[in-house]
Every structure is written in C-alpha cells, then in structure tokens.
Amino acid sequence: MNINEAAKRVRVAHQWRIENRIDGIVGEKMLELHKRFPYYSDGIDIDGRPVVTWDYGRWDIRKMALAGSMPQLVRYLDKILEDATTKVRDQRNVTQKDVTQYIVIIDGHGFSLRTHGCLSCFPFYYAFITHTDMYYPHSGYAVYMINVPKVFETVHNVIRPVMSPQIRDSMEIHGHNKDEWRRGFLKTIPLDQIRKQFGGTKVNIN
C-alpha cells in the first residue's frame, strides 16, 4: 500500500467514526443484545494483549435479520471491535509495552446453518470482515475458532474471498477436539485468563 492510499484509508476511517459516533460507542448500554449475543473482554495474554471471547454458537443471527434488526447487530459488532481496541490502548498505557493487537477466541458450539448460515445472515459477516479490515486494520493478532462443526465450511467458503490476507492468516479453525485447540492459544494465554467455557480456569464474573 502506498502513502496516498494509506492516507485515504485513514481519512475514510476517521469520517466513519464521526458519522457513526464511534468514540462513545463503548459506553452505550446494550444489555439486551449482550444477553442474547454474549462476548467478554476480560483476559490478558503473556505479552499484554487483551483476550476477547465470543459465545458465537448462541448468537441467533437469523432472528435479528428477519426482525429487520441487522443494523443494531452491526452496531453491537462495532462496539465489540472498539471495546477490544480500547483495551489494547489501556494495556499499552498500563504495561508500557508495545501492545498493538488483541486475541479473539470464538466458540462455535451450537452453530447451525439455519441460525448462522442463512442468506439473510451474510450482511453480518460482511460487516465483520469489512469493518475489521477498513476501520481496525491489523488489530487482531490471532483468531481461534473452536468447537466448529463441519457445516461451518459452507459459511467459511462464502466469506473467505472477502477476507484480507491478514485476516485469513490470523485465523485458526478447530473442531471439538479440546486438546487440539487448547494447544494453540495456551502458548501465549495463561489458563487463568481464559473462561472455563473456552478451555481455561478463569472465574466468570459476569
């Protein structure tokens, strides 16, 4: 990417933040959405990177799409991304380390094509990929998808071409073999910084 292109991307991202009031989004109360679409950002790896965990298998994306509530779900997604990057800045200030990225662990237990892979669900995935790439580039150090059933390949094959090389390279997709997927992230994340559902020993506080 040349300097002019990089500068253009910065301007576009800045305008997007203004138009969508992103600076205040972390403080927005989205309690009902968090109950229905749980995520947590309460872990830290050995290098100070925040660890974000998504209970993706419980997310009924189809229901939101059919209710015409996809804009609300996309805004909730933007809050997750902003929350994670805010945690990165906080860690950089606290640790005085060069923390620039976060780690994501996504639990696919409960995934189904009906609730996660319907045609009306794909705007959600497109928003996740494009917003990450355009507005939070290179923010994810690693994305571990665990407990992912074979049928997820249907969704993955559709969204993969839209992903940037950086997003594709950061992803690891694992099935239900706990020993296998734990080996990946336990290299950098202590057990007590991962919630039990995601293979760790961290006590859930919310």
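Up top is the structure.
Residues numbered from 1 in each chain as written. Predicted model: local features only at pLDDT ≥ 70, side-chain atom pairs only at ≥ 80, totals over all residues. Heavy atoms only, no water.

## A look at the nonpolar core
For step 1, the next point in the chain: Trp54, Ile61, Tyr76 and Tyr125 are the most contacted members of the largest nonpolar core, which has 47 residues in total.
For step 2, the next point in the chain: Elements with a contribution of two residues or more to this core: α1 (3–19), β2 (50–54), α3 (61–66), α4 (70–95), β3 (102–107), α6 (122–135), β4 (140–146) and α7 (152–159).
For step 3, the next point in the chain: Here the element with the most residues in this core is α4; it accounts for 9 residues.
For step 4, the next point in the chain: Beyond its immediate sequence surroundings of up to four residues, Ile61 is in contact with Phe37, Tyr56, Met70, Leu73, Thr115, His116, Cys121, Phe124 and Tyr125.
For step 5, the next point in the chain: Grouped together as the second largest cluster of nonpolar side chains are 11 residues, Ile103, Tyr144, Ile194 and Phe198 included. (Core = buried A, V, L, I, M, F, W, Y, C linked by side-chain atoms within 4.5 Å. Buried < 20%, exposed > 50% of the residue type's maximum accessible area, 1.4 Å probe, protein only. Helix = DSSP H or I, 4+ residues; strand = E, 2+ residues; numbered from the N terminus. Contact = heavy atoms within 4.5 Å.)

## Some words on the sheet that holds strand β5 (residues 171–173)
For step 1, the next point in the chain: Across the sheet, 5 strands lie side by side as β1-β2-β3-β4-β5; this open sheet has mixed pairing. The open sheet has two edge strands, β1 (39–44) and β5, and neither has a second partner. Taking the axes of each pair of neighbouring strands and ignoring which way they run, one obtains an average angle of 20 degrees across the sheet.
For step 2, the next point in the chain: Two elements, β2 and β3, share 4 bridges in a ladder whose sense is parallel. If you follow Val52 over to β3, its bridge partner there is Val104. (Pairing = 2+ DSSP bridges. Axes fitted to C-alpha atoms, helices over the stretch in contact; angles between N-to-C directions.)

## With respect to α4
For step 1, the next point in the chain: Here α4 contains 26 residues, and its C-alpha end-to-end distance of 37 Å stays within 8% of the 38 Å for a straight helix at 1.5 Å per residue.
For step 2, the next point in the chain: Note on α4: the residue one or two positions beyond its end, Gln96, has a positive phi of about 60 degrees. (Expected span 1.5 Å × (residues − 1).)

## As for the packing of α6 against α7
Axes are the key here: two packed helices are described by the angle between their axes and the distance separating the axes.
For step 1, the next point in the chain: With their axes 11 Å apart at the nearest point, α6 and α7 run at an angle of 55 degrees to one another. Judged by the inter-axis angle, α6 sits oblique to α7. For α6 against α7, the interelement crossing comes out right-handed. Of the residues in α7, those touching α6 at Phe122, Tyr125 and Ile129 are Val155, Val158 and Ile159.
For step 2, the next point in the chain: For the contact of α6 with α7, the residue count by class is 6 nonpolar, no polar and no charged. (Parallel < 35°, antiparallel > 145°, perpendicular 65-115°, else oblique. Left-handed = near helix turned anticlockwise from the far one by under 90°. Nonpolar A, V, L, I, M, F, W, Y, C, P; charged D, E, K, R; others polar.)

## Considering the environment of Arg49
For step 1, the next point in the chain: Within the element layout of this structure, Arg49 appears in the loop between β1 and β2.
For step 2, the next point in the chain: Separated by 114 residues in sequence, Arg49 and Met163 place their C-alpha atoms 23 Å apart.
For step 3, the next point in the chain: Beyond its immediate stretch of four places on either side in the chain, Arg49 contacts Gly43, Ile44, Val99, Gln101, Tyr102, Ile103 and Tyr141.
For step 4, the next point in the chain: A distance of 3.4 Å separates polar atoms of two side chains, one belonging to Arg49 and the other to Asp47. (Polar contact = N/O pair within 3.5 Å; in protein donor to acceptor, adjacent residues only side chain to side chain.)

## Observations concerning the packing of aromatic side chains
For step 1, the next point in the chain: This model, assessed by the stated rule, comprises 15 aromatic pairs.
For step 2, the next point in the chain: Look at Tyr56 and Phe111: their rings are 6.1 Å apart centre to centre, the planes differ by 35 degrees, and that puts the pair in the tilted class. Here Tyr56, found in the loop between β2 and α3, pairs with Phe111, found in the loop between β3 and α5 (113–116); they are 55 residues apart in sequence, far enough to count as distant. Across this residue pair, the class does not change: Tyr56 and Phe111 are buried. (Phe/Tyr/Trp six-rings, centres within 6.5 Å; stacked < 30°, edge-to-face > 60°.)

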